[in-house]
Amino acid sequence: MRKLRNDELDRLDVEAFKEAEKAPLVIVLDNIRSLNNIGSVFRTADAFLVEKIYLCGITATPPHKDIRKTALGATESVDWAYEEDTVALIQHLQAEGYEVLAIEQAENAQLLNTFQVENKKKYALVFGNEVKGVSQKAVNQCNGVIEIPQYGTKHSLNISVSAGVVVWDFWSKFNV
C-alpha cells in the first residue's frame, strides 16, 4: 500500500470550498484559551464543510501565528466571525432557526452516539473553555446538551479533539 501525495487527494481549493454546499452546521467557541486549539477547530471545520465558526469572548481571532500553525490555511477557507457575548449569539442563532447544542457534561445530556440528526435542521455546536467548559449561562440558553461518552479515568477531552469527534459524528449522520 502506497501513501497518497497531497496532489493526489483531489481536495478543493479555497475558492471551490467557498462555493461548495456546506453542512447545516456552525461551531461556536466559548472562551477558548489555546490558539492551537482554535487552529485545530478551523482545520476540522474545513475538513467537514462547516458553514461558519463563531469565536466568542476571550477566544483569539485570526490572523495569529499560533492559530495559523495548526489551521494550515483553514482560516482562509472557513467563514468566521467574532462575537463578544456567547449567550447573545446563541439567541441570535436560535432566532435564525438553528438548534443550539452545548457539548458538555450536564444533567439530562443526550449521549452523542444516541443523538439523531434531523436532515432539514440547522445545528450550532457550542464548545467551551479548556478548564471550565461551556459557561453555565450559555448552557442555560442552549436547546440541549450533548455529551461524548467516555469510559476511562479522565473527565474530559481536549476541545479540539471534542470538536473533531462531534463534527465527524454529525457529518456522518447527515444525508449529504
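Everything here concerns the structure above.
In short, a report on the structure.

### Section: the pairing of strand β2 (residues 50-56)
Stage number 1. The element β2 is largely enclosed, with a buried count of 6 among its 7 residues.
Stage number 2. Of the strand pairs in this sheet, strand β1 (residues 23-30) and β2 are connected by 6 bridges, and their pairing is parallel. Following the sheet pairing, Ala-23 is matched in β2 by Val-50.
Stage number 3. Relative to strand β3 (residues 79-83), β2 runs parallel, the two sharing 5 bridges.

### Thoughts on the pattern of salt bridges
Stage number 1. Scanning all chains against the criterion turns up 10 salt bridges.
Stage number 2. The shortest N-O distance in the salt bridge between Arg-5 and Asp-7 comes to 3.1 Å.
Stage number 3. When its relative accessible area of 48% is taken as the criterion, Arg-5 is described as partly exposed.
Stage number 4. Here Lys-69 ties to Asp-66 by a salt bridge, and the two come within 3.8 Å at their closest N and O atoms. On the criterion of helical spacing, the pair formed by Lys-69 and Asp-66 is a turn pair, its members being 3 residues apart in helix α3 (residues 65-71).
Stage number 5. Residue class for Lys-69 comes out exposed when judged on its relative accessible area of 53%.
Stage number 6. Salt bridges sharing partners connect three or more residues here, namely Arg-2, Arg-5, Asp-7 and Glu-8.

### Examining the nonpolar core
Stage number 1. Membership of the largest hydrophobic core comes to 36 residues, with the highest contact counts inside it found for Leu-25, Ile-27, Leu-29, Ile-53, Leu-125, Phe-127 and Phe-170.
Stage number 2. Of all elements in the fold, only β1, α2 (35-47), β2, α3, β4 (98-103), β6 (122-128) and α7 (159-173) reach the threshold of two or more residues within this core.
Stage number 3. Every residue in contact with Leu-29, bar those within four places of it in the chain, is listed here: Ile-38, Val-41, Ile-53, Tyr-54, Leu-55, Cys-56, Thr-59, Phe-127 and Ile-159.
Stage number 4. One finds Val-126, Val-134, Val-139 and Val-145 within the second-largest nonpolar core, a separate group that totals 18 residues.

### A closer look at the pairing of β1
Stage number 1. Taking burial as the measure, the 8 residues of β1 include 8 buried ones, the bulk of the element.
Stage number 2. Burial along β1 is two-sided: the face carrying Ala-23, Leu-25, Ile-27 and Leu-29 and the face carrying Pro-24, Val-26, Val-28 and Asp-30 are both buried.
Stage number 3. Following the backbone out of β1, through α2 and into the adjacent parallel β2, one traces a crossover that is right-handed.

### A look at the layout of surface pockets
Stage number 1. Considering only enclosed or pocket space, the largest pocket measures out at about 510 Å³ in volume.
Stage number 2. Of all elements in the fold, only α1 (14-19), α2 and α4 (74-77) reach the threshold of two or more residues within the lining of the largest pocket.
Stage number 3. A per-element tally of the lining of the largest pocket places α2 first, with 3 residues.
Stage number 4. Across the lining of the largest pocket, the residue classes break down as 9 nonpolar, 3 polar and 5 charged.
Stage number 5. Considered as a void within the structure, the second largest pocket measures approximately 350 Å³ in volume.
Stage number 6. Broken down by secondary-structure element, the contributors of at least two residues to the lining of the second largest pocket are β6, β7 (144-147) and α7.
Stage number 7. Residues that form the lining of the second largest pocket fall into these classes: 8 nonpolar, 9 polar and 4 charged.

Each value, and the rule that gives it
Residues numbered from 1 in each chain as written. Predicted model: local features only at pLDDT ≥ 70, side-chain atom pairs only at ≥ 80, totals over all residues. Heavy atoms only, no water. Buried < 20%, exposed > 50% of the residue type's maximum accessible area, 1.4 Å probe, protein only. Helix = DSSP H or I, 4+ residues; strand = E, 2+ residues; numbered from the N terminus. Pairing = 2+ DSSP bridges. Salt bridge = Lys/Arg side-chain N within 4 Å of Asp/Glu carboxyl O. Core = buried A, V, L, I, M, F, W, Y, C linked by side-chain atoms within 4.5 Å. Contact = heavy atoms within 4.5 Å. Right-handed = clockwise from strand over helix to strand, strands pointing away. 1 Å grid on protein atoms, 1.4 Å probe; cavity = no way out; pocket = protein on both sides within 12 Å on 5 of 7 lines; lining within 4 Å. Points joined across faces, edges and corners; volume = space filled by probe spheres on them. Nonpolar A, V, L, I, M, F, W, Y, C, P; charged D, E, K, R; others polar.

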